[in-house]
Amino acid sequence: MSKTLASAVGGEETTAADWAQLAHDGEILIDIASAIALERSDGAAADLLYWSQATLTAVAAHRSDLAPSADAVATRSERLIVLEDAFRAMAMAMEFGFLFDKERQLLSIGYLISESAVDPNCYDLLASEARLASFFAIAKGDIPARHWFRLGRAATAVSRGSALISWSGSMFEYLMPPLVMRAPAGSLLEQTDRLVVRRQIEYGAKHGRPWGISESAYNARDFEFTYQYSNFGIPGLGLKRGLGENSVVAPYATGLAAMVDPSAAVLNLKRLTEMGGRGRYGFYEAVDFTPTRVQEGESFALVRSFMAHHQGMTIIAIANACSTA
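Summary of the structure given here. Just so it is clear, the structure is predicted and the values come from calculations on it, not from any experiment. (Residues numbered from 1 in each chain as written. Predicted model: local features only at pLDDT ≥ 70, side-chain atom pairs only at ≥ 80, totals over all residues. Heavy atoms only, no water.)

1. Focus: the overall build of the protein chain
Scanning the protein chain from terminus to terminus reveals ten helices and 14 strands. With 325 residues in all, the protein chain has 38% of them scored as buried. Within the protein chain, contacts between residues separated by at least 24 positions form 61% of all contacts whose residues are at least 6 apart in sequence. (Helix = DSSP H or I, 4+ residues; strand = E, 2+ residues; numbered from the N terminus. Buried < 20%, exposed > 50% of the residue type's maximum accessible area, 1.4 Å probe, protein only. Contact = heavy atoms within 4.5 Å.)

Set out below in structure tokens:
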């Protein structure tokens, strides 16, 4: 199957016959994987069967795209138009004005239903995922444009440069907005993204472990065995105290960094893979190096869960990196 696949991904030369051969090989692969799964009944065999079935599904989708029927094209176009209209309506229906503190010129972090009042705390940093809401609220006309210039721009020295300070110094705060809102080349935001990724890499190398610290689940569970969640970051980049007390590496943070330094991201993901950080549905949520949460004799603990939010951001980041390569 690998030989057929190698010839099929050659670009525009791919033919219907190539995909038909791949579909045939995929069915054989599923038969083999099914037999192995029945014989061994372990996780590896189950993974093999799962990905064999996923491969055949992907091949079927490609065959459909290669020669779609007129009905299929019409149906797909109609579905996309319906989705676009629905998403646009949902976005425009969101109201931000009632969250705006006119005196401070900032957005409240939320509304307290029990007290029928907005929360007195506000989002006040430019280096925050909340700036997406600020940008969109201004674009909609819900709040005045001068709000943008009230967002904090305190900076700190990083690698012979200056980077914006965030609340917790997490990769999420810095690199989630660029998923959908690119920073202008040479701007303070773009410079901050580059310097923060460099600082993350340096911090990981200093401690002899993979890099990529962000908010994520960590190796602690509640009574229902649900992993706990918190924000983690790099000391010196965040205002939050005690950032150096935890050592939790989240693979999705490396995915986000692929938009800034794709080569370094690939190497880091390979390292995480070698440590067992990848599971059936992609990379696990996190690798916890915090000594108090690691079993005796071990150097780290895998947080074996998958968060759709983080997996989705990783996919978008990689797509963005590929589009600019």
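After that view of the structure, there is still more to cover.
2. Here's the deal with the pattern of salt bridges
Should their charged atoms come close, side chains of opposite charge can pair. Evaluated as defined, the whole model comprises five salt bridges. Linking Arg280 and Asp47 is a salt bridge whose minimum nitrogen-to-oxygen distance equals 2.7 Å. Of this pair, Arg280 sits in the loop between strand S11 (278-279) and strand S12 (282-283) while Asp47 sits in helix H3 (residues 43-66), and the two are 233 residues apart along the sequence. Notably, a salt bridge pairs Arg293 with Asp288, separated by 2.7 Å at the nearest N-O pair. (Salt bridge = Lys/Arg side-chain N within 4 Å of Asp/Glu carboxyl O.)

3. A look at the sheet that holds strand S5 (residues 122-123)
Pairing is antiparallel in the open sheet, where three strands are placed in the order S1-S2-S5. For this open sheet the edge positions go to strand S1 (100-101) and S5, each flanked by a neighbour on one side alone. In this sheet, strand S2 (residues 106-108) lies alongside S1 in antiparallel orientation, the contact comprising two bridges. Bridge pairing links Phe100 to Leu107 in S2. (Pairing = 2+ DSSP bridges.)

4. Things to note about the packing of aromatic side chains
For the structure on display, the rule yields nine aromatic pairs. Between Phe96 and Phe136, the ring centres sit 6.1 Å apart and the planes meet at 80°, which makes this aromatic pair edge-to-face. Residue Phe96 is located in the loop between helix H4 (70-93) and S1, and its partner Phe136 is located in helix H5 (residues 131-140); the two are separated by 40 residues in the primary sequence. Given the relative accessible area of 12%, Phe96 is considered buried. A residue is classified by how much of its surface remains accessible, and Phe136, at 26% relative accessible area, is partly exposed. With a centroid separation of 5.9 Å and 65° between ring planes, the pair formed by Phe98 and Tyr111 is classed as edge-to-face. Placement of Phe98 in the loop between H4 and S1 and of Tyr111 in strand S3 (residues 111-112) is noted, with a sequence separation of 13 residues between them. (Phe/Tyr/Trp six-rings, centres within 6.5 Å; stacked < 30°, edge-to-face > 60°.)

5. A short note on unusual backbone geometry
The phi dihedral of Ser116 falls on the positive side, at around 50°, and the residue is not glycine. If you trace the backbone, Ser116 turns up in the loop between S3 and strand S4 (117-118). Here Ser116 falls in the exposed class, since its relative accessible area comes to 55%. In this model, Arg160 sits at a positive phi of 60°, which is unusual for a non-glycine residue. Inspection of the secondary structure assignment puts Arg160 in the loop between strand S6 (155-158) and strand S7 (161-164). When its relative accessible area of 93% is taken as the criterion, Arg160 is described as exposed.

6. Re the sheet that holds strand S13 (residues 286-288)
Taking strand neighbours across the sheet as the criterion, the three strands line up as S10-S13-S14 in an open arrangement whose pairing is antiparallel. Each end of this open sheet is capped by a strand with a single partner; those strands are strand S10 (248-249) and strand S14 (301-303). Here S13 runs beside S14; their pairing, made up of three bridges, is antiparallel. Its bridge partner lying in S14, Val287 is registered against Leu302.

7. Looking at the pairing of strand S9 (residues 227-230)
Inspection of the sheet shows strand S8 (residues 216-221) paired to S9 by four bridges, in the antiparallel sense. When the sheet's bridge partners are listed, Ser216 is paired in S9 with Ser230. As consecutive antiparallel partners, S8 and S9 are separated by five residues, and within that stretch Phe225 has a phi angle of approximately 65°, a positive value.

8. Examining the packing of helix H2 (residues 16-40) against H3
Two numbers describe how H2 lies on H3: the axes approach to 8 Å, and their chain directions differ by 160°. When the interaxial angle is binned, H2 and H3 end up roughly antiparallel. The element H2 and its partner H3 pack so that their crossing is left-handed. (Axes fitted to C-alpha atoms, helices over the stretch in contact; angles between N-to-C directions. Parallel < 35°, antiparallel > 145°, perpendicular 65-115°, else oblique. Left-handed = near helix turned anticlockwise from the far one by under 90°.)

9. Topic: the environment of His147
Structurally, His147 is set in the loop between H5 and S6. By relative accessible area, which is 0% here, His147 ends up buried. Discounting chain neighbours no more than four positions away, the residues touching His147 are Phe100, Gln105, Leu106, Leu107, Ser134 and Ile138.

10. Examining the side chain of Thr290
Mapped onto the elements of the fold, Thr290 is located in the loop between S13 and S14. Under the relative-accessibility criterion, Thr290 is labelled buried at 3%. For Thr290, the side chain forms a polar contact with the side chain of Asp288, separated by 2.8 Å. Discounting residues that sit within four places of it in the chain, Thr290 has contacts with Glu245, Asn246, Ser247 and Val248. (Polar contact = N/O pair within 3.5 Å; in protein donor to acceptor, adjacent residues only side chain to side chain.)

11. Things to note about a nonpolar patch on the surface
Taken together, the side chains of Leu80, Leu83, Phe87 and Met90 make up a nonpolar region of the molecular surface, amounting to roughly 440 Å² of accessible area. Within the secondary structure, Phe87 is located in helix H4. (Patch = residues over 30% accessible without salt bridge, like charges linked within 9 Å, V, L, I, M, F, W, Y side chains within 5 Å. Areas by Shrake-Rupley, 256 points an atom, 1.4 Å probe, with all protein chains shown as cover.)

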